[in-house]
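These are the residues of each chain, in order.
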Amino acid sequence: MEIFWASGSYPNDSEKLMLASQTGLTKNQVSNWFINARVRLWKPMIEEMYKEEFADSSLESNPSFTQEGFADSAED
């Protein structure tokens, strides 16, 4: 299934049945595997996009804020 996933395509019903028979899984389990694989791949990418977007908007609205926190102040 990983080879199929790496090809970038999503299996249709007949391909899911073929994968199910090859792996000993049910068609529903094969479908769930592909759903979960998308989540595993996309979730970190989406989280990173939001993280970058939030960091960019924070820097624009508060120039003294850096990704590590607030910039050193001159009060020391």
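Just above sits the structure.
1. Considerations on the side chain of Lys 16
Of note, Lys 16 is situated in helix H2 (residues 13-23). Asp 13 provides the closest opposite charge to the buried, salt-bridge-free Lys 16, at an N-O distance of 4.2 Å. Discounting residues that sit within four places of it in the chain, Lys 16 has contacts with Tyr 10, Pro 11, Lys 27, Val 30 and Ser 31.

2. Some words on the pattern of salt bridges
One pass over the full model with this rule turns up one salt bridge. The partner of Lys 27 in a salt bridge is Asp 13, with the nearest N and O atoms 3.4 Å apart. Here Asp 13 lies in helix H2 and Lys 27 lies in helix H3 (residues 27-61), a separation of 14 residues in the sequence. Under the relative-accessibility criterion, Lys 27 is labelled partly exposed at 33%. Residue classification places Asp 13 among the partly exposed residues on the basis of a relative accessible area of 46%.

Basis of the calculations
- Residues numbered from 1 in each chain as written.
- Predicted model: local features only at pLDDT ≥ 70, side-chain atom pairs only at ≥ 80, totals over all residues.
- Heavy atoms only, no water.
- Helix = DSSP H or I, 4+ residues; strand = E, 2+ residues; numbered from the N terminus.
- Buried < 20%, exposed > 50% of the residue type's maximum accessible area, 1.4 Å probe, protein only.
- Lys, Arg positive; Asp, Glu negative; His and termini not counted.
- Salt bridge = Lys/Arg side-chain N within 4 Å of Asp/Glu carboxyl O.
- Contact = heavy atoms within 4.5 Å.

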